[in-house]
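Chain by chain, the residues:
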Amino acid sequence: MAGVDAKELPKILEEDVEALKAAVGKGNLTEAAAKAKEALEMADKITLNFAVTGEAGSGKSSFVNAIRGLGDTDDDAADTGVNETTMEPTAYPHPSYPNVIVWDLPGIGTPKFKSDTYLEQVGFSRYDFFIIISCTRFKTHDIELAQEIQRQGKNFYFVRSKVDQDLTNEKRHYDEEGILKQRKAATKRSHQYSESAILDAIRENCIKGLEAGGMVSPRVFLVSRQDLCNYDFPKLQETLVDELPGHKRLTLLRSLSNVSKEILEKKKQQLHRQICLKSLASCAVAAAPIPGLSIVYDTSMLVTSLQEYCRDFGLNENALATLARQANKPIAELKAVIKSPLSEEITKDLVIKLLTKYMAGAVQYSTILLKCVPVVGAVVGCVSAAAVSLPTTYFMLKNFLDADAADALRVLEVVMEGDRD
Ligand SMILES: Nc1nc2c(ncn2[C@@H]2O[C@H](COP(=O)(O)OP(=O)(O)OP(=O)(O)O)[C@@H](O)[C@H]2O)c(=O)[nH]1
Ligand SMILES: [Mg+2]
């Protein structure tokens, strides 16, 4: 079969290996499938809460919208603007992944919220991690807050917002050729305009301030709400994901906007890890066999799985329309590079067609699975009914997922081209 390389087979999430072992233990396919289904449902129920805090007007609500993939004027967006001060912790569930909840917190250091009682007032225990935003330099109360979060064993991330404004302000000092207009003898500005040098200076300045306040090895992410594919927003997304444990990592990752090649690759890799459970869960149901396939599959579950992959990679009409609007491109231009079916086109018939296609190589896949994913191999080995359906489903899901990830990357490239125009 084209595209199956044993070396590329994914590792299963450690938590899921235990579930799989338990499922496979008795060699009863129906029971094993039920256990696999249970493990998947549990993973789907995982909730993630994180808080966005910082001074009034620093860009908290804008960031809450950005990380949920929304524009500031979209339905469900948090109110933003110069006078829209957030006064109470407010929950903003992700529009497509409601178990990811971003909390917009009131600014610290205001009369109502003093540094020493702030965390208690905003319900510290609720949050998995914190994002502390500043659009200038981080202040004493930002540092005190970070230190308290650290003492209580949770993660925090410093985000320096509105860097587009800094760049625009700096650019005013340079002419059209990018040469410094006035050259005072003592200027700190470089002769030639350099975006990266300005960004480095902002980052360094924030880090120095944090170190002076007692933070050890602080990290600062530079972000512009206007341009999420650029600056440190993609790096921030990756860091947040990397520093979460197993299932929570996947929960957050699936909800993140596809703004970089790296985040797409991470999504693909993490989703790969669930394919074993999904195939096992779907290949033993007390349903009538599909004519011509001679094996029972839970096709409605597979339809859902494929639609979920489309959602994870932004491959549905709604997500594409939003992206086209944000990127200021005709939707047809994005669709032109998509090779796999969109979510709306996924039906039971399509799933059966795909299964039929992959069934032809089932014996070969079976051998590969046995060798490379021993727990799944064990099911195939000891339950003859699974010998065809499990590897067929496994490689159908894997190939669909890989194709979706490749489509999402091509869409991103079209969007980024627009950025460079
Ligand atoms: N240019 C630019 N403007 C931004 C950015 N982020 C936020 N803003 C603007 O800054 C202003 C304040 O942003 P908000 O997101 O409302 O700030 P906030 O921290 O929620 O404010 P409060 O709730 O009042 O504390 C708004 O006019 C935003 O449009 C950014 O990255 N770039
Ligand atoms: Mg606000």
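A brief look at the structure comes next.

Thresholds, definitions, all that
Residues numbered from 1 in each chain as written. Chains lettered and ligands numbered in written order. Predicted model: local features only at pLDDT ≥ 70, side-chain atom pairs only at ≥ 80, totals over all residues. Heavy atoms only, no water. Pairing = 2+ DSSP bridges. Helix = DSSP H or I, 4+ residues; strand = E, 2+ residues; numbered from the N terminus. Axes fitted to C-alpha atoms, helices over the stretch in contact; angles between N-to-C directions. Near = heavy atom within 4 Å. Polar contact = N/O pair within 3.5 Å; in protein donor to acceptor, adjacent residues only side chain to side chain. Phe/Tyr/Trp six-rings, centres within 6.5 Å; stacked < 30°, edge-to-face > 60°. Buried < 20%, exposed > 50% of the residue type's maximum accessible area, 1.4 Å probe, protein only. Parallel < 35°, antiparallel > 145°, perpendicular 65-115°, else oblique. Left-handed = near helix turned anticlockwise from the far one by under 90°. Contact = heavy atoms within 4.5 Å.

## With respect to the sheet that holds strand β6 (residues 220-222)
Phase 1 of the analysis: Spatial strand order, β2-β3-β1-β4-β5-β6: six strands in an open sheet with mixed pairing. Each edge of the open sheet carries a strand with a single partner, namely β2 (90-93) and β6. Going from strand to strand, the sheet's axes swing by 30° on average, the running direction of each strand aside.
Phase 2 of the analysis: Note that strand β5 (residues 155-160) and β6 share three bridges and pair parallel. Across the sheet, residue F158 finds its bridge partner in β6, namely V220.

## Regarding the site of ligand 1
Phase 1 of the analysis: Taken together, 19 residues form the shell around ligand 1, and within it K60, S61, S62, D164 and R225 come nearest.
Phase 2 of the analysis: The side chain of D164 places a nitrogen or oxygen atom 2.8 Å from a nitrogen atom of ligand 1.
Phase 3 of the analysis: Q165 is positioned such that a nitrogen or oxygen atom in its side chain is 3.4 Å from a nitrogen atom of ligand 1.
Phase 4 of the analysis: Taken together, the elements giving at least two residues each to the shell around ligand 1 come down to α3 (60-67) and α6 (163-171).

## Re the packing of aromatic side chains
Phase 1 of the analysis: One pass over the full model with this rule turns up 10 aromatic pairs.
Phase 2 of the analysis: With a centroid separation of 4.6 Å and 10° between ring planes, the pair formed by F50 and F129 is classed as stacked. With F50 in strand β1 (residues 48-54) and F129 in strand β4 (residues 129-134), this residue pair connects regions lying 79 residues apart in the sequence.
Phase 3 of the analysis: With a relative accessible area of 1%, F50 lands in the buried category.
Phase 4 of the analysis: Among the residues examined, F129 registers a relative accessible area of 1% and is labelled buried.
Phase 5 of the analysis: A centroid spacing of 5.5 Å and a plane angle of 15° characterise the contact between F124 and F130, whose relative ring orientation is stacked.

## Some details on the packing of helix α9 (residues 246-255) against helix α10 (residues 261-272)
Phase 1 of the analysis: Taken N-terminus to C-terminus, the directions of α9 and α10 make an angle of 135°; their axes are 10 Å apart at the nearest point. With respect to α10, the element α9 is oriented oblique. Regarding α9 and α10, the two cross each other, and that crossing is left-handed. Each of R249, L250, L253 and R254 in α9 lies in contact with α10, whose residues at this interface are I263, K266, K267, Q270 and L271.

As far as function goes, none of this settles anything; it's purely spatial.
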